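# What the coordinates show
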Amino acid sequence: MGNRLLADGVAGVHYGYLAYLVSGGFIAWRWPRTIVAHVLAATWGVVVVAAHWPCPLTAAQNALRERAGQAPLSDTFINSYIRGTFYPATRETEVRALVAAIVAASWLGFVLRRRRAVTCA
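As the structure is a computational prediction, the values presented were derived from the model and not from experiment. (Residues numbered from 1 in each chain as written. Predicted model: local features only at pLDDT ≥ 70, side-chain atom pairs only at ≥ 80, totals over all residues. Heavy atoms only, no water.)

## Things to note about the layout of surface pockets
How we decide: We place a 1 Å grid over just the protein atoms. Points where a 1.4 Å probe fits but has no way out form a cavity, open points with protein on both sides within 12 Å along at least 5 of 7 lines form a pocket, and any residue with an atom within 4 Å of a point lines it. Grid points are joined across faces, edges and corners, and a volume is the space filled by probe spheres set on the points. A helix here means a DSSP run of H or I that spans at least four residues, while a strand means a run of E at least two residues long, and both kinds are numbered starting from the N terminus. Gly is placed with the polar residues, together with every amino acid not listed as nonpolar (Ala, Val, Leu, Ile, Met, Phe, Trp, Tyr, Cys and Pro) or charged (Asp, Glu, Lys and Arg).
By volume, the largest pocket amounts to about 1200 Å³. Lining the largest pocket are 39 residues; nearest its centre among them are Leu18, Leu21, Val49, Ile78 and Arg96. Counting only elements with at least two residues in the lining of the largest pocket, the list comes to helix H1 (2-30), helix H2 (35-51), helix H3 (56-67), helix H4 (77-82) and helix H5 (92-120). If you tally residues by element for the lining of the largest pocket, the top one is H5, at nine residues. Broken down by class, the residue content of the lining of the largest pocket amounts to 30 nonpolar, seven polar and two charged.

## Details of unusual backbone geometry
Phi is positive for His52, close to 55°, though the residue is something other than glycine. Tracing the backbone shows His52 in the loop between H2 and H3.

## Comments concerning the packing of H1 against H3
Definition in use: Note on method: axes are straight lines fitted to C-alpha atoms, helices fitted across the in-contact stretch only, with angles between N-to-C directions ranging 0 to 180 degrees. Here the angle decides the label: under 35 degrees means roughly parallel, over 145 means roughly antiparallel, 65 to 115 means roughly perpendicular, and every other value means oblique. Working rule for handedness: look at the near helix, and if it is turned counterclockwise from the far one by less than a right angle, call the crossing left-handed; if clockwise, right-handed. By the convention used here, residues are in contact when the closest approach between their heavy atoms is within 4.5 Å.
Interhelical geometry of H1 versus H3 gives an angle of 160° and a closest axis separation of 8 Å. When the axis of H1 is compared with that of H3, the two are roughly antiparallel. The two elements H1 and H3 cross, and the hand of that crossing is left-handed. Along its contact with H1, which presents Asn3, Leu6, Ala7, Val10, Ala11, Val13 and His14, the element H3 presents Leu57, Thr58, Ala60, Gln61, Leu64, Arg65 and Arg67. Residues belonging to the contact of H1 with H3 are distributed by class as follows: eight nonpolar, four polar and two charged.

## What about the packing of aromatic side chains?
Inclusion rule: Pairing of aromatic rings covers Phe, Tyr and Trp, the last counted by its six-membered ring, and requires centre-to-centre distances within 6.5 Å; plane angles under 30 degrees mean stacked, over 60 mean edge-to-face, and any other angle means tilted.
According to the stated counting rule, one finds six aromatic pairs in the structure shown. Ring pairs connect the aromatic residues Tyr15, Phe77, Tyr81 and Phe86, which therefore count as one cluster.

## Considering H2
Selection criterion: By definition here, a helix of n residues has an expected span of 1.5 Å times n minus one.
With 17 residues, H2 ought to run about 24 Å at 1.5 Å a step, and its terminal C-alpha atoms sit 24 Å apart, in line with that. Where H2 is buried, its residues contact H1 and H5. His52 sits one or two positions beyond H2 and adopts a positive phi of about 55°.

## Overview of the pattern of salt bridges
To be explicit about the condition: By definition here, a salt bridge exists when the distance from a side-chain nitrogen of Lys or Arg to a carboxyl oxygen of Asp or Glu is within 4 Å. Here's how the labels work: a residue is buried when its accessible area is under 20% of the maximum for its type, exposed when over 50%, partly exposed in between, all with a 1.4 Å probe on protein chains only.
For the coordinates displayed, the defined rule picks out three salt bridges. When the shortest N-O distance is used, the salt bridge between Glu92 and Arg83 registers 3.6 Å. Its relative accessible area of 30% is what places Arg83 among the partly exposed residues. Two residues, Arg96 and Glu92, come together in a salt bridge whose shortest N-O distance is 3.2 Å. Of this pair, Arg96 and Glu92 are both found in helix H5, four residues apart, which corresponds to roughly one turn of the helix.

## Some thoughts on the nonpolar core
Formally: We define a nonpolar core as any set of buried Ala, Val, Leu, Ile, Met, Phe, Trp, Tyr and Cys residues linked to one another through side-chain atoms lying within 4.5 Å.
The biggest cluster of nonpolar side chains holds five residues, and these are Ala11, Leu18, Phe77, Ile82 and Tyr87. Counting residues per element, the ones that place at least two in this core are H1 and H4. In contact with Leu18, not counting residues within four places along its chain, are Phe77, Ile78 and Ile82.

In structure tokens, the structure reads:
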């Protein structure tokens, strides 16, 4: 039971990471020091997708699921829980481009807000 709950917790962390990936740049508008964490999170996301690296959170979730007597995920976290649920499976390229545009817009807004704050001070 404990390993199953831990595996579910890792899935929750995964969802949290994805939410932060999309919203973290906007969060930095309010708390500017968080931009470093968001740049790191976004960089990690790009590297994992572009290089087809396995995500360590998925590996941890699978290990915990196996210890709990459950089958590991048959695919990546995105393909198991997100793709086909939050957006049509055939629109992955468009969704990736949209996420990249949202992140870029949040960073642009961050820079413009910081620039304005400096000139107003």
